[in-house]
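What follows is each chain in one-letter form.
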Amino acid sequence: MDGGFVMRRLLVTMCAVVGLGMVATAASAKSDPFGDETRTAMKKLAGLFGKDNAKAALRPLVYGYIQLERDANLKDAKPLTASEKDYLKAFFPARLINKVGVVERNTTGIGNEFAGATTYGVDLIVIKKGQRSNGILKHELVHVCQYDKYGVQGFSYKYADQYVDADFVYKDIKFEKKAYTFQSSKTGPIANYLGYCK
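Residues numbered from 1 in each chain as written. Predicted model: local features only at pLDDT ≥ 70, side-chain atom pairs only at ≥ 80, totals over all residues. Heavy atoms only, no water.

A. Structural context of the environment of Glu-104. Inspection of the secondary structure assignment puts Glu-104 in strand β2 (residues 101-105). Sequence separation between Glu-104 and Ile-127 is 23 residues, and the spatial gap between their C-alpha atoms is 4.8 Å. In this structure Glu-104 touches Ile-127, Lys-129, Gly-130 and Arg-132, once residues within four positions along its chain are discounted. (Helix = DSSP H or I, 4+ residues; strand = E, 2+ residues; numbered from the N terminus. Contact = heavy atoms within 4.5 Å.)

Given below as structure tokens:
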């Protein structure tokens, strides 16, 4: 049996355990939805097995998680309100604004107790009750554009890779940095900023 395969299987198992730990330790994740304990464990695993193996192990876990949340929430998604669409049309293409649906609930996903919102594809944003705002939607629509370009699996894999490359620091994930920057300081069409999403 291939030694690399065995190492990857071991890492996948360990990542799954860490993923379950994310759910259990989410209460400590106020500044980072992944949490300090999870980040520390992931760094140790990447140190033991290397970043490439950490990426290979995380990709299917992130993809599976996104699919799970899509399956659980998509049927309950409601269109953006007319005023939200009016605000967002200055930044995003109508084809995406009209496609995306929103679900409001107490958490934005398993282990996401402190995230204000999470996007699960071009057609689903889950927002924590009481957090819905134009600013949150502007941030999440950047992720909708990223999903539009890469698809659910492509986005999932890139997000996992970026999390590893960011040394497991949420705010240093490239997709998140793009979304936070656009949310806080960018005007005009998103395509001028990203170079895609027309």
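Past the structure itself, the notes keep going.
B. Local environment of the packing of helix α6 (residues 134-165) against helix α7 (residues 174-185). Put simply, α6 and α7 touch, their axes get as near as 9 Å, and they point 165° apart. In terms of orientation, α6 and α7 fall into the roughly antiparallel class. The interaxial crossing formed by α6 with α7 has right-handed handedness. Along its contact with α6, which presents Gly-135, Ile-136, Lys-138, His-139, Val-142, His-143, Gln-146, Tyr-150, Phe-155, Lys-158, Tyr-159 and Gln-162, the element α7 presents Lys-174, Phe-175, Glu-176, Lys-178, Ala-179, Tyr-180, Phe-182 and Gln-183. For the contact of α6 with α7, the class distribution of residues is 9 nonpolar, 6 polar and 5 charged. (Axes fitted to C-alpha atoms, helices over the stretch in contact; angles between N-to-C directions. Parallel < 35°, antiparallel > 145°, perpendicular 65-115°, else oblique. Left-handed = near helix turned anticlockwise from the far one by under 90°. Nonpolar A, V, L, I, M, F, W, Y, C, P; charged D, E, K, R; others polar.)

C. How the structure looks around unusual backbone geometry. The phi dihedral of Phe-168 is positive, around 65°, even though this residue is not glycine. Within the secondary structure, Phe-168 is located in the loop between α6 and α7. Given a relative accessible area of 1%, Phe-168 falls into the buried group. One non-glycine residue, Cys-197, lies in the positive phi region at around 80°. By the element assignment, Cys-197 lies in the segment after α8 (190-194). The class for Cys-197 is buried, based on a relative accessible area of 8%. (Buried < 20%, exposed > 50% of the residue type's maximum accessible area, 1.4 Å probe, protein only.)

D. Region of interest: the side chain of Thr-108. Mapped onto the fold, Thr-108 is located in the loop between β2 and β3 (117-119). The exposure class assigned to Thr-108 is buried, which follows from its relative accessible area of 0%. Side chain to side chain, Thr-108 and Thr-118 meet in a polar contact 2.9 Å long. For Thr-108, the contacting residues outside a window of four places in its chain are Glu-69, Ala-115, Gly-116, Ala-117, Thr-118, Tyr-120, Val-126, Ile-127 and Lys-128. (Polar contact = N/O pair within 3.5 Å; in protein donor to acceptor, adjacent residues only side chain to side chain.)

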